[in-house]
Amino acid sequence: MQLLNEIKKNPTKIFGLVYPYILIISIGIGVFYLYKINYMEEATIPLSVPDTNVVQDLPLIMPSESITTDISSLTTPTPEMISKGKAIFDASCVACHGIDGKGDGIAAPALIPKPRNFTSKVGWVNGPKISGIFKTLSEGIKGSAMVSFSNLSPSDRFALADYIRKSFVTDPPEDSPEETADLVKTYHLEQKQKLPGQIPIADAMLLTENDYGKVYSHIQSILKNISTDSPKGAEIFYNVTNDKMKALVTLNNSTEWHKNQQVFIDIIINNINNDGFNDKVFDLSKNDWSTFYGYMNKLFY
Ligand code: HEC
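Reading the values: rules and limits
- Residues numbered from 1 in each chain as written.
- Predicted model: local features only at pLDDT ≥ 70, side-chain atom pairs only at ≥ 80, totals over all residues.
- Heavy atoms only, no water.
- Helix = DSSP H or I, 4+ residues; strand = E, 2+ residues; numbered from the N terminus.
- Core = buried A, V, L, I, M, F, W, Y, C linked by side-chain atoms within 4.5 Å.
- Buried < 20%, exposed > 50% of the residue type's maximum accessible area, 1.4 Å probe, protein only.
- Contact = heavy atoms within 4.5 Å.
- Arc of directions from axis to C-beta.
- Donors = N, O, S within 2.8 Å, 3.2 Å for Na, K, Ca; no water.
- Tetrahedral: all angles 85-135°; square planar, octahedral: opposite > 155°, others 65-115°.
- Polar contact = N/O pair within 3.5 Å; in protein donor to acceptor, adjacent residues only side chain to side chain.

### Observations concerning the environment of Ile106
Point 1. Mapped onto the fold, Ile106 is located in the loop between α5 (94-97) and α6 (130-139).
Point 2. Taking the C-alpha atoms as reference points, Ile106 and Cys96, 10 residues apart in sequence, are found 6.3 Å from one another.

### As for the nonpolar core
Point 1. Ile226, Leu248, Phe264, Ile268, Phe292 and Met296 are the most contacted members of the largest nonpolar core, which totals 31 residues.
Point 2. Of all elements in the fold, only α10 (211-228), α11 (232-240), α12 (244-252), α13 (261-270) and α14 (286-300) reach the threshold of two or more residues within this core.
Point 3. Excluding anything up to four places from it in sequence, Phe292 contacts Gly233, Ile236, Phe237, Val240, Phe264, Ile268, Phe277 and Leu284.
Point 4. Membership of the second largest hydrophobic core comes to 16 residues, among which are Ile88, Phe89, Leu152 and Val169.

### Here we look at α11
Point 1. Three or more residues of α11 are buried, namely Gly233, Ala234, Ile236, Phe237 and Val240. End-on view of α11: buried residues confined to an arc of 160 degrees, all on one side of the axis.

### A short note on the coordination of the iron atom of the ligand
Point 1. His97 (NE2) and Met146 (SD) make up the full set of protein donors to the iron atom of the ligand, lying at 2.0 to 2.1 Å.
Point 2. With 6 donor atoms in place around the iron atom of the ligand and angles of 87 to 178 degrees between them, the coordination shape is octahedral. Remark: Met146 occurs in the loop between α6 and α7 (154-167) and His97 occurs in helix α5; sequence separation between them is 49 residues. Each member of the pair, His97 as well as Met146, carries the same accessibility label: buried.

### Examining the side chain of Asp175
Point 1. Structurally, the position occupied by Asp175 is in the loop between α7 and α8 (177-186).
Point 2. Polar contacts involving the side chain of Asp175 include one to the main-chain amide nitrogen of Ile130, which spans 3.4 Å.
Point 3. Side chain to side chain, Asp175 and Ser131 meet in a polar contact 2.5 Å long.
Point 4. Filtering out sequence-adjacent residues up to four positions away, Asp175 remains in contact with Lys129, Ile130, Ser131 and Thr180.

Spelled out as structure tokens, the structure:
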């Protein structure tokens, strides 16, 4: 009350009374702003886009008459093959085999049997010929930590063989022509056939009015069906494909296989590793093939 009376008598006093509060509030706002400015700056720094956000589309490939994989081009070590082999070796093999190929990688002490010492002549199971190393990489060695690397393309497997032989094996033995021919036959390495064209899905989607667009939306809807159900046939499809879209394009490019399971098998293995399918198909039993065939037949109709 007394305060009110005083203010009434001398109104300029209000200024003196309020001033400290205004000061405190202004300092408060200032501190808050300084505190926030850090955060505001951070928020305006543009974030770099991580690579994983880049969705890979199919590359554009024009239909081509025929290709022949020339086995001698694969089995002749070139500097490019050897350096490709080294890159894969350093990334996937040194943990066990060691940087010098002596079988003394960091994981080696825990392993029985021990990883192969490539610099030694003894103890090899499949041997250091190109065909032997290719077999090891394709099938692995049962009962050991040496698993199959059949997910690597054949050319990557040859590159690894070239690198190991060149860098670690003294006087590496050569394959006879018969052994090379056997290798080609066993792993279906030589192929000759027409290759279908392929356009990026993103482009195809824009062209829904023309044939390509229709084909791609058809195939995409098939792919969706596969991912929503999970019978044995779908499981096999997932197992034996590297590139699902491409595998479906391969099947879509022929109608012959609907009549006959052998044609279906031929279409898949004739161009294996380039047609969206991988060489796990060679592990399929007769029963698996007929389940798989029946399933795909149903999907495409
Ligand atoms: C997890 C450990 C491990 C990794 C990783 C590994 N290996 Fe092996 N590797 C082994 C073991 C263990 C053996 C010996 C198997 C045996 O004696 O039965 C072996 C054996 C081999 C052999 C000799 C086969 C023979 O004829 O005796 C080759 C060649 C080979 N590995 C290549 C590779 C290559 C190339 C890579 C990488 C792509 C690789 N390994 C990755 C453990 C590994």
